[in-house]
Every structure is written in C-alpha cells, then in structure tokens.
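What the coordinates show
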Amino acid sequence: DIQLTQSPSSLSASVGDRVTITCRASQSIGTYLNWYQQKPGQAPKFLIYAASSLQSGVPSRFSGSGSGTEFTLTINSVQPEDFATYYCQQSSSVPPFTFGPGTKVDVK
Amino acid sequence: VQLVDSGGGLVKPGGSLRLSCAASGLTFSHHNMAWIRQGPGKGLEWVAYISFGSSTTYYAESVQGRFTVSRDNARNSLYLQMNTLTVDDTAVYYCATATGYGLFRYFDYWGQGTPVTVSS
C-alpha cells in the first residue's frame with residue numbers, strides 16, 4: 001500500500017502569511033494527489049485534485065504543485081477562515097484510498 | 001448537492017449497526033460513493049467504496065469481512081452495514097461522492113457525518 005506523510009504536522013501562522021504544507025508518498029503516484037480542508041466539527045471540504053487543479057469555488061490563494069513523490073499545498077496570504085487541518089489523499093493505487101495524517105494550521 | 005448521514009449511535013462491542021446516507025441534488029445513480037471515518041482526535045480513514053452500479057466494491061483491510069457497503073439507486077441512498085463492531089470502530093462516519101476519471105478519483109461532496117460509539 002502507498003503511504004503518505006505530511007510535514008509539518010502543525011504550524012502557526014499570522015493572517016497574510018504564506019503557508020506551505022508538504023505531502024510525500026512512499027512511491028511515485030504521478031499527479032494522483034488531492035487536498036482537503038477540515039475545520040473543527042465540520043466535514044472535510046475538497047480543495048484540489050490532480051495535484052494542482054483547483055476545485056470550483058476554492059479561492060485562488062490556494063494552490064497545489066508536485067508530482068511523483070513530493071507535493072505541496074500553498075496558501076498565499078492566509079485568511080482567518082483558512083485556519084484548519086489539511087489532508088492529502090492519493091488515488092494512484094487503490095484500494096486503499098490513502099489519506100495523509102494531516103497538518104494543522106493555527107493562529108500564531 | 002446534499003448528503004445526509006444517519007444511523008449512528010452507541011453500540012456494544014460485537015454488535016451491529018447500519019448507517020444510511022440520503023443523497024439529493026445530484027443524479028445519484030451516476031456517482032460512485034464512499035464511506036470515510038474519523039476516530040476521536042484522529043485523521044481521515046477511508047472505509048469503503050462502491051461503484052455507481054454496485055458492480056465494484058472495495059474495503060479497507062481494517063473492516064474487510066465485517067462491513068458491507070450497498071446502495072439503492074431508486075431511493076438515492078447509500079448504506080454501510082457494520083457487524084462485529086470493536087472499540088476501534090468508534091468514529092464519525094462520513095459518506096462522500098467519489099468522483100473523477102481513470103485514476104483521478106477524489107471525494108468532492110461529503111455528508112455531515114454520523115457518530116458511532118462502540119463501548120460496553
């Protein structure tokens with residue numbers, strides 16, 4: 001099975017900061033990598049598919065990049081509503097549909 | 001699109017529970033579906049997947065042989081039959097649409113989740 005790791009596991013940021021989260025796969029997964037945002041007490045929200053394609057309605061300050069085994073989610077100028085936990089998920093080799101362990105972004 | 005999860009509750013170890021997910025605002029019969037869970041204070045764990053016509057099902061190793069995913073396209077509903085429950089199955093369970101093409105598959109719409117607690 002493909003394993004996903006995320007770094008850092010948590011980070012603190014101020015409004016307006018640029019935030020970068022890394023997701024690494026245990027083997028090459030091409031660009032079959034998706035990103036989700038989850039706020040406390042809420043269901044996850046789908047953000048990015050195919051490593052870099054923004055889901056409709058997601059603000060353009062979110063972007064994704066990468067291929068193979070290393071991927072990044074970047075939030076340019078983080079806003080108050082962006083403080084949440086972010087998960088990556090792969091679909092290159094299923095089952096299982098693996099999720100990363102999550103990165104919590106909180107207020108500095 | 002709206003997905004409404006229901007059926008969660010408190011159950012004793014070894015017991016059974018059936019979760020439901022009612023879908024609206026989409027052509028349900030055209031969508032592959034999945035169940036994903038989140039244990040207390042934990043991350044997301046994919047549980048089960050079913051294709052739009054029920055011909056293909058997948059399960060996480062942790063639930064294989066104990067859980068069964070099914071759907072009724074006429075009722076726009078998804079189900080998860082959970083048997084032989086253990087304390088490790090305690091989680092919030094979400095249904096989600098599993099969209100995409102080829103290997104590009106992602107979970108784009110999610111229910112609100114239904115909590116399952118397995119405890120004696």
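Above: the structure in question.
Parameters and conventions
Residues numbered from 1 in each chain as written. Chains lettered and ligands numbered in written order. Predicted model: local features only at pLDDT ≥ 70, side-chain atom pairs only at ≥ 80, totals over all residues. Heavy atoms only, no water. Pairing = 2+ DSSP bridges. Helix = DSSP H or I, 4+ residues; strand = E, 2+ residues; numbered from the N terminus. Axes fitted to C-alpha atoms, helices over the stretch in contact; angles between N-to-C directions. Disulfide = S-S within 2.5 Å. Core = buried A, V, L, I, M, F, W, Y, C linked by side-chain atoms within 4.5 Å. Buried < 20%, exposed > 50% of the residue type's maximum accessible area, 1.4 Å probe, protein only. Contact = heavy atoms within 4.5 Å. Buried area = accessible area lost by both parts, 1.4 Å probe. Polar contact = N/O pair within 3.5 Å; in protein donor to acceptor, adjacent residues only side chain to side chain. 1 Å grid on protein atoms, 1.4 Å probe; cavity = no way out; pocket = protein on both sides within 12 Å on 5 of 7 lines; lining within 4 Å. Points joined across faces, edges and corners; volume = space filled by probe spheres on them. Nonpolar A, V, L, I, M, F, W, Y, C, P; charged D, E, K, R; others polar. Salt bridge = Lys/Arg side-chain N within 4 Å of Asp/Glu carboxyl O.

1. Some remarks on the sheet that holds strand 3 (residues 17–24) of chain B
Residue and element names in this part refer to chain B. Taken together, the 4 strands give an open sheet; going across it, the order is 1-3-8-7, and neighbouring strands pair in antiparallel fashion. Each end of this open sheet is capped by a strand with a single partner; those strands are strand 1 (2–6) and strand 7 (67–72). Between one strand and the next, the sheet's axes are offset by a mean angle of 15°, whatever the strand orientation. As defined by bridge partners, strand 3 adjoins strand 8 (residues 77–82) across 6 bridges and the pair is classed as antiparallel. Across the sheet, the residue bridging to Leu-17 is Met-82, located in strand 8.

2. Let's talk about the state of the cysteines
All names here are of chain B. Per the stated rule, a full pass over the model turns up 2 disulfides over all chains. Across a sulfur-sulfur distance of 2.0 Å, Cys-21 and Cys-95 are joined as a disulfide pair. The chirality of the disulfide connecting Cys-21 with Cys-95 is right-handed, given an S-S dihedral of about 50°. Of this pair, Cys-21 sits in strand 3 while Cys-95 sits in strand 9 (residues 91–101); the two residues are 74 residues apart in sequence, bridging distant segments of the chain.

3. Focus: the nonpolar core
Core analysis: the largest hydrophobic core is formed by 44 residues, its most contacted members being B:Trp35, B:Leu80, B:Tyr93 and B:Phe107. At the level of secondary structure, the elements contributing two or more residues to this core comprise strand 3, strand 4 (32–38), strand 5 (44–50), strand 7, strand 8, strand 9, strand 10 (104–110) and strand 11 (114–118) of chain B. In this structure, A:Leu4, A:Val78, A:Phe83 and A:Val105 belong to the second largest nonpolar core, which totals 25 residues.

4. Some thoughts on the sheet that holds strand 8 (residues 70–75) of chain A
Residue and element names in this part refer to chain A. Taken together, the 4 strands give an open sheet; going across it, the order is 1-3-8-7, and neighbouring strands pair in antiparallel fashion. Where the open sheet ends on each side, the last strands, each with one partner, are strand 1 (4–7) and strand 7 (62–67). For this sheet the average axis-to-axis angle between neighbouring strands, irrespective of direction, equals 20°. Here strand 3 (residues 19–25) pairs with strand 8 via 6 bridges, running antiparallel. Bridge pairing in strand 8 places Cys-23 opposite Phe-71.

5. Focus: the interface of chain B and chain A
Across the contact, 18 residues belong to chain B and 21 residues belong to chain A. For the pair chain B and chain A, the summed buried surface comes to about 1,900 Å²; carbon and sulfur atoms form 70% of the total. Three residues, B:Leu44, B:Leu103 and B:Phe104, lead the burial of chain B against chain A; their summed loss comes to 31% of the area buried on that side. For the pair chain B and chain A, the number of links is 7 residue pairs in polar contact (both at pLDDT 80 or more).

6. Brief notes about the side chain of A:Gln38
Secondary-structure assignment places A:Gln38 in strand 4 (residues 33–38). In this structure A:Gln38 comes out as buried when scored by relative accessible area, which is 7%. Only 3.4 Å separates the side chain of A:Gln38 from the side chain of B:Tyr94, close enough to count as a polar contact. A:Gln38 has contacts with A:Ala43, A:Pro44, A:Ala84, A:Thr85, A:Tyr87, B:Gln38, B:Leu44 and B:Tyr94, leaving out every residue within four places of it along the chain.

7. Regarding the layout of surface pockets
When its volume is computed, the largest pocket comes out at roughly 310 Å³. Around the largest pocket sit 16 residues that line it, and A:Pro96, A:Phe97, A:Thr98, A:Phe99 and B:Glu45 are the ones nearest its centre. Grouping the amino acids of the lining of the largest pocket by side-chain chemistry returns 8 nonpolar, 5 polar and 3 charged.

8. Quick look at unusual backbone geometry
All names here are of chain A. The omega angle of the peptide bond from Ser-7 to Pro-8 is -10°, so this bond is cis rather than trans. Here Pro-95 and Pro-96 are connected by a cis peptide whose omega angle stands at 5°. Tracing the chain through its elements places Pro-96 in the loop between strand 9 (84–90) and strand 10 (103–107).

9. A look at the pattern of salt bridges
Residues and elements named next belong to chain A. What the rule picks out here adds up to 7 salt bridges over all chains. Linking Glu-70 and Arg-24 is a salt bridge whose minimum nitrogen-to-oxygen distance equals 3.2 Å. With Glu-70 in strand 8 and Arg-24 in strand 3, this pair connects stretches of sequence that are 46 residues apart. Assessed through its relative accessible area of 41%, Glu-70 is described here as partly exposed.

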